[in-house]
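# Overview (structure and organization)
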Amino acid sequence: MTPDKDIDGFVMLLTRTVAQRRLYGADHPKVTTSCRDLAERLATFLQQTQQDSLFVGVADGKLVYDGRYLIGPTIAGGQLIQLARKLNCGGFVLGRHAGADEFGRFLALAAERRDMPADLAEARELLASRGLKRISLAAEYRDPVAPADGAQLAWDGQADDGEDLPSPLLVYQALFDVVASAHGDALQDHVLDLDGTRAASEYLLRIARSSFTDIAQLVNYPDHDTYTVGHSVRVATLAVRVGDQLRLPPDRLLALSSAALLHDVGKSKIPEEILYKPSRLDRKEIEIIRAHTEIGAEILLEQKGASPLDLAAAYGHHLRHDGGGYPERPAWVVRHPLIALLQICDVFEALTAVRPYKSALTPRAAFEIMVGDKGAFDPPLLRAFIRAVGLYPPGNRVRLSDGRQGIVVASGLRLDAPRVRVTHDAAGRHVPDTEQPTIDLYRSGSTVVKLLHDPEPARV
Ligand SMILES: [Fe+2]
Ligand SMILES: [Fe+2]
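So, here's what we can say about the structure. Starting afresh in each chain, residues are numbered from 1 along the sequence in its written order. Both sets of labels track the order of writing: A upward for chains, 1 upward for ligands. Per-residue local features are limited, in this predicted model, to residues with pLDDT of at least 70; the limit for side-chain atom pairs, both in listing and counting, is 80 or more; totals at the level of whole chains, interfaces and linings are taken over all residues. Note: side-chain values were computed over all heavy atoms of the structure, leaving out hydrogens and water.

Time to look at the coordination of the iron ion (ligand 1). We call an atom a donor if it is N, O or S and sits within 2.8 Å of the metal, or 3.2 Å for Na, K and Ca. Water is not counted, so some sites may look partial. Within the protein, Asp264 (OD), His292 (NE2), His317 (NE2) and His318 (NE2) serve as the donor atoms for the iron ion (ligand 1), at 2.1 to 2.2 Å. Geometry assignment treats four donors as tetrahedral when all angles are between 85 and 135 degrees, treats four as square planar and six as octahedral when opposite donors are over 155 degrees apart and all others between 65 and 115, and treats everything else as irregular. One can describe the site at the iron ion (ligand 1) as irregular: its 4 donor atoms subtend angles covering 84 to 171° at the metal. Within one chain, the residues serving as donors to the iron ion (ligand 1) are arranged as D-x27-H-x24-H-H. The two metals, the iron ion (ligand 1) and the iron ion (ligand 2), are separated by 3.4 Å and share Asp264 as a common coordinating residue.

Here we take up the sheet that holds strand β3 (residues 68-69). Strands pair in a sheet through their backbones, by hydrogen bonds, and they do so in one of two ways: parallel or antiparallel. Should DSSP find at least two bridges between two strands, the strands are regarded as paired. Strands are runs of DSSP state E lasting at least 2 residues, helices are runs of H or I lasting at least 4, and numbering of each runs from the N terminus. Strand order in the open sheet formed by 5 strands is β3-β2-β1-β4-β5, with antiparallel pairing between adjacent strands. Edge positions in the sheet fall to β3 and β5 (135-138), since each of these pairs with one other strand and no more. The pairing of strand β4 (residues 91-95) with β5 spans 4 bridges and is antiparallel. Paired with Gly91 across the two strands is Ala138, which belongs to β5.

To continue, consider the packing of aromatic side chains. Centre distance within 6.5 Å is the pairing criterion for rings of Phe, Tyr and Trp, where only the six-membered ring of Trp is used; planes under 30 degrees apart are then read as stacked, over 60 as edge-to-face, and the remainder as tilted. Inspection of the entire model under this criterion finds 5 aromatic pairs. Plain terms: the ring middles of Phe348 and Phe367 are 5.2 Å apart, the flat faces sit at 20° to each other, and that makes the pair stacked. You can see Phe348 sitting in helix α16 (residues 337-352) and its partner Phe367 sitting in helix α17 (residues 363-372), a full 19 residues away along the chain. The burial state of Phe348 is the same as that of Phe367; both residues are buried. Seen from their ring centres, Phe367 and Phe385 are 6.3 Å apart, and the 85° between their planes marks the pair as edge-to-face. Relative accessibility under 20% of the residue-type maximum defines a buried residue, over 50% an exposed one, and the middle range a partly exposed one, all with a 1.4 Å probe and only protein chains included.

We count a salt bridge whenever a side-chain nitrogen from Lys or Arg sits within 4 Å of a carboxyl oxygen from Asp or Glu. The full count for this structure, using the stated rule, is 15 salt bridges. Here Asp322 and Arg320 are joined by a salt bridge, their closest N and O atoms 3.0 Å apart. Where Asp425 meets Arg429, a salt bridge forms, and the shortest distance between an N and an O atom there is 3.0 Å. Residue classification places Arg429 among the exposed residues on the basis of a relative accessible area of 55%. One connected set of salt bridges, linked through shared partners, spans Arg320, Asp322 and Asp373.

Octahedral metals with six donors have ideal donor angles of 90 or 180 degrees. Tetrahedral metals with four donors have an ideal donor angle of 109.5 degrees. Coordination of the iron ion (ligand 2) by the protein is provided by His231 (NE2), His263 (NE2), Asp264 (OD) and Asp346 (OD), with metal-donor distances spanning 2.1 to 2.3 Å. Around the iron ion (ligand 2), the 4 donor atoms are arranged such that angles at the metal cover 80 to 170°; this shape is classified as irregular. Counting the intervening residues between successive donors of the iron ion (ligand 2) yields the motif H-x31-H-D-x81-D.

Right, let's get into the nonpolar core. One finds Leu175, Phe348 and Phe385 to be the most contacted residues of the largest nonpolar core, which totals 59 residues. What makes two residues a contact is simply this: any of their non-hydrogen atoms within 4.5 Å. Beyond its immediate stretch of four places on either side in the chain, Phe385 contacts Leu238, Val242, Leu341, Ile344, Cys345, Phe348 and Phe367. Throughout, nonpolar core names a set of buried Ala, Val, Leu, Ile, Met, Phe, Trp, Tyr and Cys residues whose side chains join them through atoms within 4.5 Å. Counting 41 residues, the second-largest nonpolar core is a separate cluster that includes Val18, Leu38, Ala39 and Leu107.

Glancing now at the environment of Ala426. Take Ala426: it is sitting in the loop between β8 (417-424) and β9 (438-440). Here Ala426 falls in the exposed class, since its relative accessible area comes to 53%. Here the alpha-carbon distance between Ala426 and Gln405, two residues 21 residues apart in the chain, equals 7.4 Å. Excluding anything up to four places from it in sequence, Ala426 contacts Asp402, Gly403 and Arg404.

This is the structure:
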């Protein structure tokens, strides 16, 4: 394992532990085990890199290490970033010999709801008063990854009304955060923040057209640890994309996005040992998992602001077109067309995503399975879905027949001929961002020869 991969894994664990600490409290075995892991991994990392401390920066709402954004941890790390904000600091310095116990005391700060310090000096005093010696706060600093001359990054844009659009990375982080919080709140029988879900959905809609390639690249970012959350975000993104191509009006897209984000909220109540069990499930376990649909609907029924579509999505996303699937429904129940779309997105995401127990299928293989499963999906809707997504969905990296590599930016006139932005020449050299041509494979004569599953770091 390289130090670079280690740092991603380490910060991911740190963000996960912040979330766990807020959910479960200090003495929960999940929290104590994670704190021990953090201390051990920090020690190994510092030894390998021969450093005295590890600095994780927070700039403009993103996590930074050594001059680069940590994309996965930033997406999942909303709560760690919030902690930095509360403490008025520009990041965390984790020193040699910071033990599990010190991590525990540090993370307690994330779970506290007390008034936070007015400035950095007060925040540092607070840490000192908790006996924190090896974990300290860094001063605020300028985003080292942002372009120095104020030039706009590729994803920067303006909405029609002239308002700045948020970056896809921050939108994805917000989506991730609302789903993770909804699952955490549901687990603890707290009220869900449905306004937050709608607000994040609005952002998704606003950037869905202009920056879809960028967000789709992030969506492809593997997240082995939190895949129920990542899955829900990917299903919502896919549903909005396809819904937009089917020309659904904005209010329907918004409702669809919120419903998709919450569709698996019932899984929060399913024991993790069953939900994430890597081996085959027995009949009893399958029944327990299947209950997430009814549990999800019950959770949403308790919420004041839940829409009928939210409820229908949670309840009905595993119902098949031919009446099969689960839960068992009375004969008079009719599926809403948006739930039929959600069901397609749900299955497609599950087939094309990486899971600890399986590798990702290509879209082509996923479509073959879905088309072959007669009666499972609404046929015209499945055809429209396949046309909208294409064999090479936007955001995927591909190798072309002439040796060049690029990122799919849109589906094309033929399923197998998307539009591609060329990022690497035939010799594998990176083409500067401002000079990357976008080619239409339908016209250019090149074809895609391979879908590359290891995305280069997204330009965020
Ligand atoms: Fe589900
Ligand atoms: Fe799902």
